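Commentary on secondary and tertiary structure
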Amino acid sequence: MLSRKFNFLKILFFIRILVNARVWIPPKKWEMFYRLSSLRWQRCQELPRLRDSPNMNDMILFSALFWHNRDMSAFTDKIQVRDFIQDAIGSSYLSNVTQVAESIDDIDFAAARGKWIKSNNGSGFNVFHDGILSDFEIKKRLSRSTQPYGVAHGEYVYRFIKPKFFVESPVQGLSNSRLIEFKGFFHFGKLLGIWLKTGRGNVVLSPDLELDFEDLSNGNTLNQSLNVSEILDASVMNEAIELGVNCTKSFHFVRFDLYIISKKILFQELTFLPGAGAVKRKSNLGSFALEVAPKMYQKPKK
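Right, let's talk about the overall build of the protein for a bit. Scanning the protein from terminus to terminus reveals nine helices and ten strands. By the compact-globule yardstick of 19 Å for 302 residues, the protein fits well, its C-alpha radius of gyration being 20 Å. Its C-alpha atoms give the protein principal-axis dimensions of about 55 × 50 × 40 Å. Among the 302 residues that make up the protein, the fraction classed as buried is 48%. For the protein, restricting intrachain contacts to residue pairs at least 6 apart in sequence, the fraction spanning at least 24 positions comes to 63%. Looking at the protein as shown, the accessible area adds up to about 15,300 Å², and 50% of this sits on carbon and sulfur atoms. In the protein, 41 positive and 30 negative side-chain charges are present, and the distance between their average locations comes to 8 Å.

Have a look at this one:
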């Protein structure tokens, strides 16, 4: 239920989004619905429509409201999820973690030099210990992750995670020009589309791997006739997709994130609320998803 601190304008906005959604939102989900919808309005000036919408933001919100009915920590905690991935596809796709610490003060900073220090909770709480930053400065940067992540915006998949820290070895021979970030969107193991972040630009691929959109925000230009195989080797692409299929069969909507360096694939994370469902997209990702999964807006059976 909503809190008593709502003012008149907030109540009007809530009624507006509730009507526009075109599906009944259970009262126990009203607070999350309001928070996620408010963030989306702030970022995108969009109202949610949770019935047959080709907008991927709507799919993300629908999934959060009706399918996240359990503690998701086993899949959103960046330490716990490693057990799930190992069982699903094996440990060869996992990065090398050298330390796990219950608190910032438990980190062995001397042993962490030359490695990444990361939080298991939320996004962006990563510091590379290059020996230039002091231990105090690293602790200061990491301290933000000790607070609940995303809850203020309605990202409740993170609310049960107990903040911890882990130290991760960097990938040998890695440079930004060689790194490809593979982000595959899946619905119960069905590929909905792929977003690739490369040193040559960012592209969106349809489920049949056709180039759909180029993001030139980083100043790079991709040739319109560029073949997907020129971006990523076909065998590696197929392997990445197969891994995604095997790891996402139990989830209504999830983004499966990988790092690809040459032909080496490393698991990154499972993302259930990409961008908190408040991302301005110019591509056809949502339309692709609705074609592949026409029952996307079907609620779980009781």
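Take the layout of surface pockets next. If you add up the space inside the largest pocket, you get close to 980 Å³. Going through the elements one at a time, α5 (81–89), β2 (116–119), β4 (165–168), β5 (179–187), β9 (254–261) and β10 (264–271) are the ones with two or more residues in the lining of the largest pocket. In terms of residue count, β10 provides more of the lining of the largest pocket than any other element does, six residues in total. Residues belonging to the lining of the largest pocket are distributed by class as follows: 17 nonpolar, 14 polar and twelve charged.

Among the nine residues in β5, nine count as buried, and that is most of the element. Side-chain alternation along β5 places Leu-179, Glu-181, Lys-183, Phe-185 and His-187 on one buried face and Ile-180, Phe-182, Gly-184 and Phe-186 on a second face that is also buried. In terms of strand pairing, β5 meets strand β6 (residues 190–198) through seven bridges, oriented antiparallel. Counterpart to Phe-186 in the pairing with β6 is Leu-191.

Moving on to a nonpolar patch on the surface. Nonpolar side chains collect at one region of the surface, where Phe-8, Leu-9, Ile-11, Leu-12, Ile-15 and Val-19 lie side by side and expose about 620 Å² of accessible area between them. Along the polypeptide, Leu-9 turns up in helix α1 (residues 8–21). Under the relative-accessibility criterion, Leu-9 is labelled exposed at 64%.

On to the packing of helix α2 (residues 30–44) against helix α3 (residues 56–67), then. Axis angle and axis distance: for two packed helices, these are the angle between their axes and the distance between the axes, and together they describe the pair. Their axes nearest at 10 Å, the elements α2 and α3 cross at an angle of 165°. As judged from the angle between their axes, α2 and α3 are roughly antiparallel. In this structure, the crossing between α2 and α3 has a hand that is right-handed. In contact with Met-32, Phe-33, Leu-36, Ser-37, Arg-40 and Cys-44 of α2, α3 contributes Asn-57, Asp-58, Leu-61, Ala-64 and Leu-65. In terms of residue class, the contact of α2 with α3 is built from seven nonpolar, two polar and two charged.

A word on a positive patch on the surface. A contiguous patch of positive charge on the surface is contributed by Arg-22, Lys-28, Arg-51, Lys-299 and Lys-302. When you line up the elements, Arg-22 lands in the loop between α1 and α2. You can call Arg-22 partly exposed: its relative accessible area is 47%.

All right, on to empty space enclosed by the protein then. Once rolled over the atoms, a probe with the size of a water molecule shows which space is left empty. What the rule picks out here adds up to one cavity of 30 Å³ or more. Here the largest cavity defines a volume of roughly 40 Å³. Every residue along the wall of the largest cavity is listed here: Leu-36, Ser-37, Arg-40, Asn-57, Ile-60, Leu-61, Leu-273, Ala-276 and Gly-277. Among the elements of the structure, α2 and α3 are those that each provide at least two residues to the lining of the largest cavity. Partitioning the lining of the largest cavity into residue classes produces five nonpolar, three polar and one charged.

Moving on, we get to α1. Counted at 1.5 Å a residue, the expected span for α1 with its 14 residues is 20 Å, and the 20 Å between its end C-alpha atoms agrees. Taken together, the buried residues of α1 touch α2. If you check the start of α1, you find a side-chain oxygen 3.2 Å away from the backbone N of Leu-9, and it comes from Asn-7. Downstream of α1 by a residue or two, Arg-22 has a phi angle that is positive, lying close to 70°.

Turning next to the pattern of salt bridges. Two side chains of opposite charge can pair, provided their charged atoms sit close to one another. Applying the stated criterion across every chain yields a total of 13 salt bridges. For Arg-40, the salt bridge identified is with Glu-46, shortest N-O distance 2.9 Å. For Glu-46, a relative accessible area of 22% gives the class partly exposed. For Asp-257, the salt bridge identified is with Arg-255, shortest N-O distance 2.8 Å. On the basis of relative accessible area, Asp-257 is assigned to the buried category, the value being 0%. Counted as one network, the salt bridges with shared partners bring together Glu-181, Lys-183, Lys-197, Arg-255 and Asp-257.

How each quantity is defined
Residues numbered from 1 in each chain as written. Predicted model: local features only at pLDDT ≥ 70, side-chain atom pairs only at ≥ 80, totals over all residues. Heavy atoms only, no water. Helix = DSSP H or I, 4+ residues; strand = E, 2+ residues; numbered from the N terminus. Rg over C-alpha atoms; globule rule 2.2 N^0.38 Å. Buried < 20%, exposed > 50% of the residue type's maximum accessible area, 1.4 Å probe, protein only. Contact = heavy atoms within 4.5 Å. Areas by Shrake-Rupley, 256 points an atom, 1.4 Å probe, with all protein chains shown as cover. Lys, Arg positive; Asp, Glu negative; His and termini not counted. Charge placed at Lys NZ, Arg CZ, Asp CG, Glu CD. 1 Å grid on protein atoms, 1.4 Å probe; cavity = no way out; pocket = protein on both sides within 12 Å on 5 of 7 lines; lining within 4 Å. Points joined across faces, edges and corners; volume = space filled by probe spheres on them. Nonpolar A, V, L, I, M, F, W, Y, C, P; charged D, E, K, R; others polar. Pairing = 2+ DSSP bridges. Patch = residues over 30% accessible without salt bridge, like charges linked within 9 Å, V, L, I, M, F, W, Y side chains within 5 Å. Salt bridge = Lys/Arg side-chain N within 4 Å of Asp/Glu carboxyl O. Axes fitted to C-alpha atoms, helices over the stretch in contact; angles between N-to-C directions. Parallel < 35°, antiparallel > 145°, perpendicular 65-115°, else oblique. Left-handed = near helix turned anticlockwise from the far one by under 90°. Expected span 1.5 Å × (residues − 1). Polar contact = N/O pair within 3.5 Å; in protein donor to acceptor, adjacent residues only side chain to side chain.

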